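What follows is the residue order along each chain.
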Amino acid sequence: MHELSMADAIVKTILDIAEKNDAEEIIEVTIELGKLTLLNPEQLKFMLEVISEDTLLDGAEFKMEIIPVEIECGSCNYTGSIDSDELDHFTPILSCPQCGERDLKVISGRECNIKQIKIEKRE
Amino acid sequence: MHKVAEIEVQHDIIIANKKLAKRNQRILDKADVFAIDVLGAIGSGKTSLIEVLIQRMNHKIGVIAGDVISKFDAGRFKKYNVPVVGLNTGKECHLDAHLVEHALEDLPLPAIDVLFIENVGNLICPVDFDLGSHLRMVVISVSEGDDTVEKHPLIFKDADVVVINKVDIADAVGADEEKMEADVLRLNPDVVVIKSSLKTGEGVENILQALEEYINESRLYIKESQR
Ligand SMILES: Nc1nc2c(ncn2[C@@H]2O[C@H](COP(=O)(O)OP(=O)(O)OP(=O)(O)O)[C@@H](O)[C@H]2O)c(=O)[nH]1
Ligand SMILES: [Mg+2]
Ligand SMILES: [Zn+2]
């Protein structure tokens, strides 16, 4: 899996934004992670902490918000969530809960979004 | 005095890659280059297929070869006297739009009609990373076992062409290529599925034909949108 390269991209982006905002410390980071990204939240968190060492992010708390899967079915027009507990993380075979169709449009569940950071800065 | 500030960031890594990919595609369109992302399992025959296509297609071909550690595949393509850029992805398990952007800088785009981008052999990680290509071709082979498609559905959902390769050894490895084809079509009814053997040449004509159709369609599209 590519937790390491994702963590790398996330840390670069956050440090860039923190610097632009004259942060002296980053306290907290909120990341939205879609259930379909094939990224393991625990593993990603661990990678983030490792890469953060000796940067402004050192010691920051990483909060992971898991985004459930929502789909749109072209066959029966069902729109809404899919019971994603049934999804095996490595083999998410999606099917419409209403009609069983497998050719679905994914509306959410694929994000890896840096939502918010909390920083400390000098006034 | 210190104060705590909350900053709304809203920066999605996957969407950021998509934007870069769009930019790559604009660069390719401007140079009239049709790009094909070739993905698939390790050892499924990606390099072998591109080698055959280089020899059979009546286009000026270029190749970007993504290898994890070596530049082995790039070396194979160079023998055909086509422009090749080898990308050493190192710890990366997939190519991303940023790596491809740099590779495009190193290629003589005006001298290329069709660009093959061989992704890292992997059915999982490349899925979320658009590169800016016009077509996604997934190459799997019977030797991965005939449950490969069921195990890795996402990569097939985004594919335009799926090649099920090495049918010459299907019996020997006890794999049912018809089942694999049916699995792909169930996940993605619009995809073109071709069963092939690069040993016997079976299916190669069909692959050529499918790619030419896509290339012609895109030519028409580009001409219209530039009008
Ligand atoms: N029997 C048989 N062997 C094949 C076929 N196509 C490719 N091979 C062999 O499969 C092996 C791997 O082929 P490659 O083309 O290197 O595969 P690849 O997908 O580029 O491999 P990686 O880049 O390492 O992931 C080679 O030994 C090929 O000769 C085929 O249709 N039938
Ligand atoms: Mg190869
Ligand atoms: Zn449905």
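Our structure is the block above this text.
Description of the structure in this document. Remember, predicted model here, so these are calculated numbers, not experimental data. (Residues numbered from 1 in each chain as written. Chains lettered and ligands numbered in written order. Predicted model: local features only at pLDDT ≥ 70, side-chain atom pairs only at ≥ 80, totals over all residues. Heavy atoms only, no water.)

### Quick look at the overall build of chain A
And then number 1: The helix and strand inventory of chain A stands at two helices and six strands.
And then number 2: The N-to-C order of helical and strand elements in chain A reads α-β-α-β-β-β-β-β.
And then number 3: Taking 14 Å as the expected radius of gyration for a compact globule of 123 residues, we find that chain A reaches 17 Å, considerably beyond that expectation.
And then number 4: In terms of overall dimensions, chain A has C-alpha extents of about 55 × 30 × 20 Å along its principal axes.
And then number 5: Looking at chain A as a whole, 44% of its 123 residues qualify as buried.
And then number 6: The long-range share in chain A, meaning contacts at least 24 apart out of those at least 6 apart in sequence, stands at 74%.
And then number 7: About 6100 Å² of surface is accessible on chain A, with carbon and sulfur atoms providing 43% of the total.
And then number 8: Between the averaged position of the 12 positive side-chain charges in chain A and that of its 27 negative side-chain charges there is a distance of 3 Å. (Helix = DSSP H or I, 4+ residues; strand = E, 2+ residues; numbered from the N terminus. Rg over C-alpha atoms; globule rule 2.2 N^0.38 Å. Buried < 20%, exposed > 50% of the residue type's maximum accessible area, 1.4 Å probe, protein only. Contact = heavy atoms within 4.5 Å. Areas by Shrake-Rupley, 256 points an atom, 1.4 Å probe, with all protein chains shown as cover. Lys, Arg positive; Asp, Glu negative; His and termini not counted. Charge placed at Lys NZ, Arg CZ, Asp CG, Glu CD.)

### Quick look at the layout of surface pockets
And then number 1: Counted as a void, the largest pocket has a volume near 530 Å³.
And then number 2: As for the largest pocket, its lining consists of 20 residues, and the residues nearest its centre are Ser5 and Ala9 of chain A together with Ile13, Asp96 and His98 of chain B.
And then number 3: When residues of the lining of the largest pocket are traced back to their parent elements, those giving at least two are α1 (3-20) of chain A together with α1 (13-30) and α4 (97-105) of chain B.
And then number 4: By residue number, the principal contributor to the lining of the largest pocket is α1 of chain A, which donates six residues.
And then number 5: The residue makeup of the lining of the largest pocket, split by class, is eight nonpolar, seven polar and five charged.
And then number 6: Here the second largest pocket is characterised by a volume of approximately 330 Å³.
And then number 7: Elements represented by at least two residues in the lining of the second largest pocket include exactly α1 and β6 (135-141) of chain B.
And then number 8: Ranked by residues supplied to the lining of the second largest pocket, first place goes to α1 of chain B with four residues. (1 Å grid on protein atoms, 1.4 Å probe; cavity = no way out; pocket = protein on both sides within 12 Å on 5 of 7 lines; lining within 4 Å. Points joined across faces, edges and corners; volume = space filled by probe spheres on them. Nonpolar A, V, L, I, M, F, W, Y, C, P; charged D, E, K, R; others polar.)

### As for the interface of chain B and chain A
And then number 1: Of the residues lining the interface, 32 residues belong to chain B; the matching set on chain A comes to 38 residues.
And then number 2: Of the roughly 3400 Å² buried between chain B and chain A on both sides combined, carbon and sulfur atoms contribute 59%.
And then number 3: Among the residues chain B hides against chain A, the three largest losses belong to Ile7, Ile13 and Leu154 of chain B. Together they make up 17% of the total.
And then number 4: At the junction of chain B with chain A, the criterion picks out three salt bridges.
And then number 5: On the surface where chain B and chain A come into contact, there are 14 residue pairs in polar contact (both at pLDDT 80 or more).
And then number 6: Secondary-structure elements contributing two or more residues to the side of chain B that touches chain A are β1 (2-12), α1, α5 (148-151), α6 (153-157) and α8 (177-187) of chain B.
And then number 7: Residue composition of the side of chain B that touches chain A, by class: 16 nonpolar, four polar and twelve charged.
And then number 8: Across nine bridges, the pairing between strand β6 (residues 112-122) of chain A and β1 of chain B is antiparallel. Bridge pairing links Arg122 of chain A to His2 of chain B in β1 of chain B. (Buried area = accessible area lost by both parts, 1.4 Å probe. Salt bridge = Lys/Arg side-chain N within 4 Å of Asp/Glu carboxyl O. Polar contact = N/O pair within 3.5 Å; in protein donor to acceptor, adjacent residues only side chain to side chain. Pairing = 2+ DSSP bridges.)

### Things to note about the coordination of the magnesium ion (ligand 2)
Residue and element names in this part refer to chain B.
And then number 1: The magnesium ion (ligand 2) binds to the protein through Thr47 (OG1), Asp73 (OD) and Glu118 (OE); the donor distances cover 2.0 to 2.1 Å.
And then number 2: Here the donor residues for the magnesium ion (ligand 2) map to a single chain with the spacing T-x25-D-x44-E. Highlighted residues: Thr47 in helix α2 (residues 46-56) and Glu118 in strand β5 (residues 114-118), separated in sequence by 71 residues.
And then number 3: The buried category is assigned to Thr47, whose relative accessible area is 5%.
And then number 4: Relative accessible area serves as the criterion here: at 3%, Glu118 is assigned to the buried category. (Donors = N, O, S within 2.8 Å, 3.2 Å for Na, K, Ca; no water.)

### Observations concerning unusual backbone geometry
And then number 1: Phi at Asn77 of chain A takes a positive value of approximately 70°, unusual for a residue other than glycine.
And then number 2: When you line up the elements, Asn77 of chain A lands in the loop between β3 (70-73) and β4 (79-81).
And then number 3: Phi is positive for Gln10 of chain B, which is not a glycine, with a value near 50°.
And then number 4: Tracing the chain through its elements places Gln10 of chain B in strand β1.

### Examining α8 of chain B
Residues and elements named next belong to chain B.
And then number 1: Met180, Glu181, Asp183, Val184 and Leu187 are the residues of α8 that are buried. The buried residues of α8 all sit within an arc of 160° when viewed along its axis, so they share a single face.
And then number 2: Of the surrounding secondary structure, the elements contacted by the buried residues of α8 are β6, α5, α6, β7 (161-165) and β8 (192-195).
And then number 3: The residue sitting at the N-terminus of α8 and contributing the capping side-chain oxygen is Asp176; that oxygen lies 3.0 Å from the backbone nitrogen of Glu178. (Arc of directions from axis to C-beta.)

### Quick notes on a positive patch on the surface
And then number 1: On the surface, a cluster of positive charge is made up of Lys18, Lys22, Arg26 and Lys30 of chain B.
And then number 2: Within the secondary structure, Arg26 of chain B sits in helix α1. (Patch = residues over 30% accessible without salt bridge, like charges linked within 9 Å, V, L, I, M, F, W, Y side chains within 5 Å.)

### Notes on the environment of Met64 of chain A
Residues and elements named next belong to chain A.
And then number 1: Structurally, Met64 is set in strand β2 (residues 61-67).
And then number 2: Counting along the chain gives 49 residues from Met64 to Asn113, while the straight-line C-alpha distance between them is 10.0 Å.
And then number 3: With residues up to four places along the chain from it excluded, the contact list for Met64 reads Ile31, Pro41, Leu44, Lys45 and Leu48.

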